[in-house]
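Remarks on the overall topology
If you want the building blocks of each chain, they are given just below.
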Amino acid sequence: MFSDYTAIGWKLCGIEPGKKGPTYASWSEHPIPADAVEGLDGAGLLHALSGTMALDLDDTALARPWMAERGVDLDALLAADDAVKIMSGRHNRAKLLYRIG
């Protein structure tokens, strides 16, 4: 599964089971080599090295009017045909991934 991500150029860090993020030194500058990612129990996307960003919404009901005041239609972003979404299954949350640069 993780090799699908490295195949498109994304850089990953390892995340131990039960942890929310990496715990080893210099993880943000040293991605896991592409030929070693399949042995990972968990992985995180290194946005700065991958040319990506995440719009992580912990409360979509609260974010919707805040974003609308700034001219951003959250519902349109979430419904876009080309949206790359990470769905946690938790109500009122959303995460969208974007390529930048």
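This text follows the structure it describes.
Residues numbered from 1 in each chain as written. Predicted model: local features only at pLDDT ≥ 70, side-chain atom pairs only at ≥ 80, totals over all residues. Heavy atoms only, no water.

1. Let's talk about the environment of Asp-75
Relative to the helices and strands, Asp-75 is located in helix H4 (residues 74-79). Classification of Asp-75 as partly exposed rests on a relative accessible area of 40%. Sequence separation between Asp-75 and Leu-55 is 20 residues; the distance between their C-alpha atoms is 13 Å. A polar contact of 3.0 Å, which involves the side chain of Asp-75, links it to the side chain of Arg-64. (Helix = DSSP H or I, 4+ residues; strand = E, 2+ residues; numbered from the N terminus. Buried < 20%, exposed > 50% of the residue type's maximum accessible area, 1.4 Å probe, protein only. Polar contact = N/O pair within 3.5 Å; in protein donor to acceptor, adjacent residues only side chain to side chain.)

2. What about a nonpolar patch on the surface?
Nonpolar side chains collect at one region of the surface, where Met-53, Tyr-98 and Ile-100 lie side by side and expose about 240 Å² of accessible area between them. Tracing the backbone through its elements, the reader meets Ile-100 in the segment after strand S5 (94-99). Given the relative accessible area of 46%, Ile-100 is considered partly exposed. (Patch = residues over 30% accessible without salt bridge, like charges linked within 9 Å, V, L, I, M, F, W, Y side chains within 5 Å. Areas by Shrake-Rupley, 256 points an atom, 1.4 Å probe, with all protein chains shown as cover. Salt bridge = Lys/Arg side-chain N within 4 Å of Asp/Glu carboxyl O.)

3. Notes on helix H3 (residues 60-68)
Since the α-helix packs 3.6 residues into each turn, any two residues three or four apart lie on the same face. Along H3, the residues that are buried comprise Thr-60, Ala-63 and Met-67. Each buried residue of H3 sits inside an arc of 60 degrees when the element is viewed along its axis, so together they form one side. On its buried side, H3 packs onto strand S3 (52-57), H4 and S5. (Arc of directions from axis to C-beta. Contact = heavy atoms within 4.5 Å.)

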